[in-house]
Amino acid sequence: MKLLRIATAYQSYWEDFYARRPGLAEQSYGHQKNTLDFDGFGWADFWANALNPLGYDVMEVTANIAPLQRAWALENNIDCSGKDWLLKIAFEQAKRFQPVVLFIDNHSVFPPVWLEELRVFCPSIRLLISWCGAPYQDPAIFRAYDLVLSCIPEFVEQFRQMGHWSEHINHAFEPRILERISSVPEPAIDFSFIGQIVRGSQYHLQREKILERLVTEIPISIYSPNASISWKRRLKITTKQVAHRIVEGLHKAGVSKSWLIKIPKVEYLIDLPRSLLSPVNPQLQPFMKPAVFGLDMYRTLQNSKVTFNSHIDVSPNSASNMRMFEATGVGTCLITDWKRNINTLFEPDREVVTYKSAEECIEKVKWLLEHPAQRLAIAQAGQARTLKFHTFKQRAEQLNSLIVNALK
């Protein structure tokens, strides 16, 4: 069965990836894709590797990586000029592959009208799947999909109440990563956090609050895109956010979008993502280090004695993010916020360490750093659980069951 998965990658990630590999952008599409896949950013080729043994022919496209996509367009005689090159190339890739299942994991990039047109030119498509693991602005966009998947149980309930077919699938770890990183005899980083700190409703307000408390007691290395924001960038972001709030206020007051977009640059402000990277509390700045992605991220996790996790605000009751499986997968001792479902994933304080407050987190991190044998035992138990129950092999079997039932 043919399955096409269309994804996107952080622009900061792929631009840096190519900058550190001069000449890669001039290589063939296949060579570029293999190089990117090996780095293991996001889901990379993890779904394809897990679904192939189940009888799937999987094509995976990262639609916004410009040099990669333009290499495909050049090799297939596709015009990739114009501002809409991303949608244009992805459309042609789907049309030529003619998948039975189309899996979109960034719903905000591909408008419903694009999906509707694609279904006309790809009559092979029998199941259209969306992934949603972060705050969404317009729930109406999911009407274009047959199935909405999410790692956040709260979202699944919301989507079902809206009348969508929605199912819960947890994130996972790819064991091949362990073959690509060298194990370290003794981690050099005492305490780390890897991830974003987005100051916005539904994002990371609670995460930032806990980190602000942690740094008063424990030195922590924070690897985040927030570290690289210059003062000019801070000013630009603040200006855009203020303008965005004004436009939103006008729209809520009854001014139609069709009228607002006639104003120069307002169309961009209407669609400005709420997750726009913003400066963090200056209190955290001394602990900030440049962001790490792909294999660099996995190596940093593995080189940490303890790593911190705090879930996004839209997942208030459920443990749901990727960091749990990435950290435990490489054998790092994870301390994570307690959630109602945590014991369905890991055994608390034996396979991962949990906290219910910043004070409890501080106390437990200090204890873990002072007791290396116990810390190592927890890390090893967490890794064993992840490698047995939380790999893409298990998730692919779950996805396959959903697809088979849908296509009966």
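Residues numbered from 1 in each chain as written. Predicted model: local features only at pLDDT ≥ 70, side-chain atom pairs only at ≥ 80, totals over all residues. Heavy atoms only, no water.

Student: I keep staring at helix α1 (residues 11–19) and nothing clicks. Help me out?
Tutor: Each α-helix winds once per 3.6 residues, and so residues spaced three or four apart point in a common direction. Buried within α1 we find Tyr13, Trp14, Phe17 and Tyr18. Take α1 and look down its axis: the buried residues cluster within an arc of 120°, on one side only. The secondary structure elements touched by the buried residues of α1 are α2 (29–39) and α4 (66–75). (Buried < 20%, exposed > 50% of the residue type's maximum accessible area, 1.4 Å probe, protein only. Helix = DSSP H or I, 4+ residues; strand = E, 2+ residues; numbered from the N terminus. Arc of directions from axis to C-beta. Contact = heavy atoms within 4.5 Å.)

Student: Would you mind going over the packing of aromatic side chains with me for this structure?
Tutor: Aromatic ring pairs are defined here through the distance separating the ring centres and the angle between the ring planes. Inspection of the entire model under this criterion finds 27 aromatic pairs. When the centroid spacing of 6.0 Å and the interplanar angle of 75° are considered together, the rings of Phe91 and Trp114 count as edge-to-face. Taken together, the residues span a long stretch of sequence, with Phe91 in helix α5 (residues 85–97) and Trp114 in helix α6 (residues 112–121) at a distance of 23 residues. We classify Trp114 as buried; its relative accessible area is 7%. A cation over an aromatic ring shows up here: Lys356 above the ring of Trp338, its NZ or CZ 4.5 Å from the ring centre. (Phe/Tyr/Trp six-rings, centres within 6.5 Å; stacked < 30°, edge-to-face > 60°. Lys NZ or Arg CZ within 6 Å of the ring centre and 35° of its normal.)

Student: Hey, could you run me through empty space enclosed by the protein in this one?
Tutor: Empty space among the atoms becomes apparent when a probe as large as a water molecule is rolled across them. For the structure on display, the rule yields one cavity of 30 Å³ or more. Roughly 30 Å³ of internal volume is contained in the largest cavity. Taken together, Trp43, Trp47, Trp131, Asn170, His171, Ala172, Phe392 and Arg395 make up the full set of residues lining the largest cavity. Classifying every residue of the lining of the largest cavity by side-chain character gives five nonpolar, two polar and one charged. (1 Å grid on protein atoms, 1.4 Å probe; cavity = no way out; pocket = protein on both sides within 12 Å on 5 of 7 lines; lining within 4 Å. Points joined across faces, edges and corners; volume = space filled by probe spheres on them. Nonpolar A, V, L, I, M, F, W, Y, C, P; charged D, E, K, R; others polar.)

Student: I'm lost on the sheet that holds strand β10 (residues 304–309) in this one. Help?
Tutor: In a beta sheet, neighbouring strands pair by backbone hydrogen bonds and run either parallel or antiparallel. Pairing is parallel in the open sheet, where six strands are placed in the order β9-β8-β7-β10-β11-β12. Here the strands that pair on one side only, and so sit at the sheet edges, are β9 (288–289) and β12 (353–355). Of the strand pairs in this sheet, β10 and strand β11 (residues 333–337) are connected by four bridges, and their pairing is parallel. Bridge pairing links Val306 to Cys333 in β11. Helix-sheet contacts for helix α17 (residues 372–389) involve β10, β11 and β12, and the interaxial angle to β11 is about 80°. (Pairing = 2+ DSSP bridges. Axes fitted to C-alpha atoms, helices over the stretch in contact; angles between N-to-C directions.)

Student: It is not clear to me how the pattern of salt bridges should be interpreted in this structure. Could you clarify?
Tutor: Close approach of charged atoms allows side chains with opposite charge to pair. This model, assessed by the stated rule, comprises 26 salt bridges. Of the charged contacts in the structure, one is a salt bridge between Asp296 and Arg20, with a shortest N-O distance of 3.7 Å. Of this pair, Asp296 sits in helix α13 (residues 294–302) while Arg20 is found in the loop between α1 and α2, placing the two residues 276 residues apart along the sequence. With relative accessibility at 29%, the residue Asp296 sits in the partly exposed group. Here the salt bridges do not stand alone but share partners, grouping Asp16, Arg20, Asp296 and Arg299 into one network. (Salt bridge = Lys/Arg side-chain N within 4 Å of Asp/Glu carboxyl O.)

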